[in-house]
Amino acid sequence: QVQLVESGGGLVQPGGSLTLSCAASGFTFSDHYMMWYRQAPGKERVLVASISNSPGVVGYAGFAEGRFTASRDNDKNMIYLQMNNLLPEDTATYYCKTNFRLADVWGQGTQVTVSS
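Below is a short write-up of the structure. (Residues numbered from 1 in each chain as written. Predicted model: local features only at pLDDT ≥ 70, side-chain atom pairs only at ≥ 80, totals over all residues. Heavy atoms only, no water.)

## What about the sheet that holds strand β1 (residues 3-7)?
Then, number 1: Strand order in the open sheet formed by 4 strands is β1-β3-β8-β7, with antiparallel pairing between adjacent strands. At either margin of the open sheet sits one strand with a lone partner, and together these are β1 and β7 (68-73). Strand-to-strand twist of the sheet, defined as the mean angle between neighbouring strand axes without regard to direction, takes the value 15°. (Pairing = 2+ DSSP bridges. Helix = DSSP H or I, 4+ residues; strand = E, 2+ residues; numbered from the N terminus. Axes fitted to C-alpha atoms, helices over the stretch in contact; angles between N-to-C directions.)

## Notes on the pattern of salt bridges
Then, number 1: Under the definition given, this model contains 3 salt bridges.
Then, number 2: Note that Lys97 and Asp104 form a salt bridge whose closest N and O atoms lie 3.7 Å from each other.
Then, number 3: The class of Lys97 is buried, set by a relative accessible area of 10%.
Then, number 4: If you follow the salt bridges from partner to partner, you end up with Arg38, Arg67 and Asp90 in one network. (Salt bridge = Lys/Arg side-chain N within 4 Å of Asp/Glu carboxyl O. Buried < 20%, exposed > 50% of the residue type's maximum accessible area, 1.4 Å probe, protein only.)

## Quick look at the state of the cysteines
Then, number 1: Evaluated as defined, the whole model comprises 1 disulfide.
Then, number 2: In this model Cys22 forms its disulfide with Cys96; the gap between the sulfur atoms is 2.2 Å. Residues Cys22 and Cys96 are joined by a disulfide whose S-S torsion is about -80°; by sign, that bridge is left-handed. Separated by 74 residues along the polypeptide, Cys22 in strand β3 (residues 18-25) and Cys96 in strand β9 (residues 92-100) bring together distant segments of the chain. (Disulfide = S-S within 2.5 Å.)

Printed below as a string of structure tokens:
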């Protein structure tokens, strides 16, 4: 069964850093694009970054560019999101996503809270 499991969320101070991880299983990881999304309370879910299959070309949303770094390790079936200079508005649930046989697959999400 295709599964995505995020981890690494927590509480950080403004200006701090945090690295999220997503473990993938149940499919040929290296053949698939991967994505990070986030959803803040009361707001829509938005794309944070996308990562191509191999070697991993990354595109970022405007709010993430210059502060966040997304990457993948195909040997470990993992993707990462390193977040620096965090702002209170970065507070959200962060989700890992892929597509498998024309269907979206989502992780359960990991909560990031940037205190103000």
